[in-house]
Amino acid sequence: MPLLDMRDVRGGYGDADILQGVSITVAEKEIVVIVGPNGAGKSTAMKAVFGLLNVRGGQIVFDGEEITGWAPNRIVQRGVCYVPQVDNVFREMTVHENFEMGGFLRSGDLSAAYDRVYQLFPDLKAKRRNLAGDLSGGQRQMVAMGRALMLDPKLLLLDEPTAGLSPKYMEQIFQITRDVRDAGVSILLVEQHAKQALAFCDRGYVLATGANRHEGTGQALLADREVAEMFLGG
Amino acid sequence: MTLLDFLNFYLVPGIVLGAIYAVGAIGITLVFGILRFAHFAHGDMATLGAFIALALAASGMDPWVALPLAMAITAVIAIGVDRSFYDYLSRRPKILTVMASLGVALMLRAVVQVVWGVDPTTYVTGIVRPEEYFGILLRPRELNTLLTVVLIVVGLELFLRKSKWGKAMRAMSDNPDLARLSGVDNRKVTMLTWAIVGALCTASGFMLGINTELHSMMGWQLLLPMFAAAILGGVGRVQGAVLGGLIVGITEELSVFVVPAQYKAATAFALLLIILLVRPRGLLNGKVL
């Protein structure tokens, strides 16, 4: 049974349906990427998982429990963390304080969680007292991921983690995503850089106009002529 | 005029007044930074707190002992005001809450006038001689005021920097959506903010009352210099509010060199206009209004 099973989900932010039936599964320790043209509903599909959408059809099952219609804070406590694309750090708080806020709901000794985060992001250790807003875009993205990992989630949702980053940082973020997966966290991410993302993920979904268009392993999708022509620019 | 005269008759009173403004401005900046509206009932909440301290002092307590008690009582009242008025409007455009706070200001003032009357009064009667410290003349109440302000500012800074809920308040001010995603309970932060704001209001009203006199309009007259101080320092910044308060207080006292003393109160207004023209984000780069 997959960790996340999203079946035929329809819904939108207001009254209009942006998702017209999206089905996505994520297995344990799997990296799944959602790609597709602008306006395909990629980020919207991800937000549906996190309870940020009015879901009007279909169901979302996480870890054996239906979470359709749950409020985000309940979903967080169930083990799903979400990293928004923009404004995803506390700019006027230090790196370490960002992590502390990530662990806000946890009580007891968090030193193991801090160790894990600083192990995944060694660059941040030296910058732990710097304000998150003063860091480079790539490092801010790491802070955002670290904040989300403080709750020790089973599933991490990343909304375009490489948007606006240089190719060097993009590679680094992908590598860190793999490291996070190897640490036992499943990952669902939305990506604008479709080619690079499909090359590094386990499986991918191609969405178009709010519905599933193609799915398969990253390699298979990259090899698919139709996918290549439609979304990857040849 | 000697340097000591300048210090004793202009600078020291300016610093004392500025310290009082600073405590009020911190409250304004907290409401704006975390709850995101301009709180016009701030001054009258200070009046109410000052009169609650008066009621406690009238029962035989030393006013400075009554202060922390009055701060605690006003903290509860501030939470009640939020629950009764502002909370209902929290999902509507913020301008409605701003207008409602003006109404709350009138209500609080009316309560003070009904209960304590409209005549000026004082905490203690009699003339107090100042003590001399290396040539600087300070009355005990002025020294207490300065010490209290230092205590409040240091205590609040420590709370905001070190404690879990202080950090939650900063997080809510910094990025409310992300704070909610992190599991911070908006209602608890709001309650905590009002408790602190009520206590700060009381401290500023009390200290103004003990250094001058108490009357039902005192808070309303505090409003303009307190807002000027908050904006001057940079809205949303605690250190900015302290800096702004001191600058406004000192400028008011020094203004008598330039304009007649009746225009002292207009100085804060002039200062506010100049800041908004020259540096609208304030000295410490506050959030954009």
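The rules behind each value
- Residues numbered from 1 in each chain as written.
- Chains lettered and ligands numbered in written order.
- Predicted model: local features only at pLDDT ≥ 70, side-chain atom pairs only at ≥ 80, totals over all residues.
- Heavy atoms only, no water.
- UniProt positions renumbered as here; feature names shortened; annotations may be inferred.
- Helix = DSSP H or I, 4+ residues; strand = E, 2+ residues; numbered from the N terminus.
- Rg over C-alpha atoms; globule rule 2.2 N^0.38 Å.
- Buried < 20%, exposed > 50% of the residue type's maximum accessible area, 1.4 Å probe, protein only.
- Contact = heavy atoms within 4.5 Å.
- Lys, Arg positive; Asp, Glu negative; His and termini not counted.
- Charge placed at Lys NZ, Arg CZ, Asp CG, Glu CD.
- Phe/Tyr/Trp six-rings, centres within 6.5 Å; stacked < 30°, edge-to-face > 60°.
- Pairing = 2+ DSSP bridges.
- Axes fitted to C-alpha atoms, helices over the stretch in contact; angles between N-to-C directions.
- Core = buried A, V, L, I, M, F, W, Y, C linked by side-chain atoms within 4.5 Å.
- Salt bridge = Lys/Arg side-chain N within 4 Å of Asp/Glu carboxyl O.
- Buried area = accessible area lost by both parts, 1.4 Å probe.
- Polar contact = N/O pair within 3.5 Å; in protein donor to acceptor, adjacent residues only side chain to side chain.

Chain B carries the name Branched-chain amino acid ABC transporter permease in an unreviewed UniProt entry, which gives Pseudothauera nasutitermitis as its organism. Taken verbatim from the UniProt record of chain B, the Sequence similarities (unreviewed entry) comment is "Belongs to the binding-protein-dependent transport system permease family. LivHM subfamily."

Looking up chain A in an unreviewed UniProt entry gives the name ABC transporter ATP-binding protein, with the organism given as Pseudothauera nasutitermitis. In its Sequence similarities (unreviewed entry) section, the UniProt record describing chain A reads: "Belongs to the ABC transporter superfamily."

The next point concerns the overall build of chain A. On a plain count of helices and strands, chain A comes out with ten helices and ten strands. The C-alpha atoms of chain A give 17 Å as radius of gyration, which agrees with the globular expectation for 234 residues (17 Å, within 12%). Seen through its C-alpha atoms, chain A measures out along the principal axes to roughly 45 × 40 × 30 Å. Looking at chain A as a whole, 54% of its 234 residues qualify as buried. Counting only contacts in chain A whose residues sit at least 6 apart along the sequence, the fraction spanning at least 24 positions is 68%. For chain A, the distance from the average position of its 25 positive side-chain charges to the average position of its 29 negative side-chain charges is 2 Å.

With that settled, the discussion passes to the UniProt feature "transmembrane region" (unreviewed entry) in chain B. All names here are of chain B. Here, the residues flagged by UniProt with the feature "transmembrane region" (unreviewed entry) are residues 6–33, 40–58, 64–83, 95–116, 143–160, 189–210, 222–249 and 261–279. End C-alpha to end C-alpha, residues 40–58 measures 29 Å, and it is 89% helix and 0% strand. Across residues 189–210 one finds 100% helix and 0% strand; the C-alpha atoms that close the span lie 32 Å apart.

Time to look at the packing of aromatic side chains. Residue and element names in this part refer to chain B. For the structure shown, the criterion picks out 14 aromatic pairs over all chains. A ring pair is formed by Tyr 10 and Phe 257, whose centres lie 4.6 Å apart and whose planes are at 40 degrees; its orientation type is tilted. A residue pair is termed long-range when its members are at least 10 positions apart, and Tyr 10 in helix α1 (residues 3–35) and Phe 257 in the loop between α10 (238–254) and α11 (264–278) qualify at 247 residues. A relative accessible area of 47% means that Phe 257 is categorised as partly exposed. Three or more aromatic residues link up through ring pairs in this structure, and these residues are Phe 6, Tyr 10 and Phe 257.

Moving on: the sheet that holds strand β10 (residues 211–217) of chain A. Residue and element names in this part refer to chain A. Read across the open sheet, the six strands follow the order β6-β7-β8-β3-β9-β10; overall the sheet is mixed. Edge positions in the sheet fall to β6 (80–83) and β10, since each has one partner strand and no second. Ignoring strand direction, the axes of neighbouring strands in this sheet form an average angle of 15 degrees. With four bridges joining them, strand β3 (residues 31–35) and strand β9 (residues 203–208) adopt parallel strand pairing. Among the inter-strand pairings, Val 33 is bridged to a residue of β9, identified as Gly 204. Contacting β6 and β7 (155–159), helix α6 (residues 137–149) runs over the sheet at an angle of about 165 degrees to β6.

Turning our eyes to something else, we now look at the nonpolar core. With 172 residues, the main nonpolar core has Leu 156 and Leu 188 of chain A together with Leu 30 of chain B as its most contacted residues. When residues of this core are assigned to their parent elements, the largest contribution, 15 residues, is made by α1 of chain B. Sequence-distant contacts of Leu 188 of chain A, that is, excluding residues within four places in its chain, are made with Leu 4, Ile 24, Val 26, Val 32, Ile 34, Met 46, Val 49, Leu 155, Leu 156, Leu 157 and Leu 158 of chain A.

With the rule as written, the count across this model stands at 18 salt bridges over all chains. Residue Glu 100 of chain A pairs with Lys 167 of chain B through a salt bridge whose shortest N-O separation is 2.4 Å. One end of the pair, Glu 100 of chain A, is in helix α3 (residues 95–102); the other, Lys 167 of chain B, is in helix α6 (residues 164–174), on a second chain. Since its relative accessible area comes to 10%, Lys 167 of chain B is described here as buried. Arg 161 of chain B is the partner of Glu 157 of chain B in a salt bridge, and the nearest nitrogen-oxygen pair spans 3.2 Å. Linking Glu 157 of chain B with Arg 161 of chain B, this pair stays in helix α5 (residues 140–162), spanning four residues, or about one helical turn.

All right, on to the interface of chain B and chain A then. Taken together, the contact pairs 17 residues of chain B with 18 residues of chain A. Counting the surface lost from both chain B and chain A, the interface buries some 1,600 Å², and carbon and sulfur atoms represent 58% of this. When the buried surface of chain B facing chain A is broken down by residue, Leu 178, Leu 181 and Ser 182 of chain B rank first, second and third, together holding 35% of it. Our count for the contact surface shared by chain B and chain A stands at three salt bridges. Between Glu 92 of chain A and Arg 237 of chain B there is a salt bridge whose closest N-O contact spans 3.1 Å. At the junction of chain B with chain A, the criterion picks out nine residue pairs in polar contact (both at pLDDT 80 or more). Every element with two or more residues in the side of chain B that touches chain A is listed here: α6 and α7 (176–181) of chain B. Top contributing element to the side of chain B that touches chain A by residue count: α6 of chain B, with seven residues.

On to the sheet that holds strand β4 (residues 54–62) of chain A. Residue and element names in this part refer to chain A. In space, the four strands of this open sheet follow the order β2-β1-β4-β5, with antiparallel pairing throughout. Looking along the sheet, the strands with just one partner apiece sit at the ends: β2 (19–26) and β5 (65–66). In terms of strand pairing, β4 meets β5 through two bridges, oriented antiparallel. Paired with Phe 62 across the strands is Glu 65, a residue of β5.

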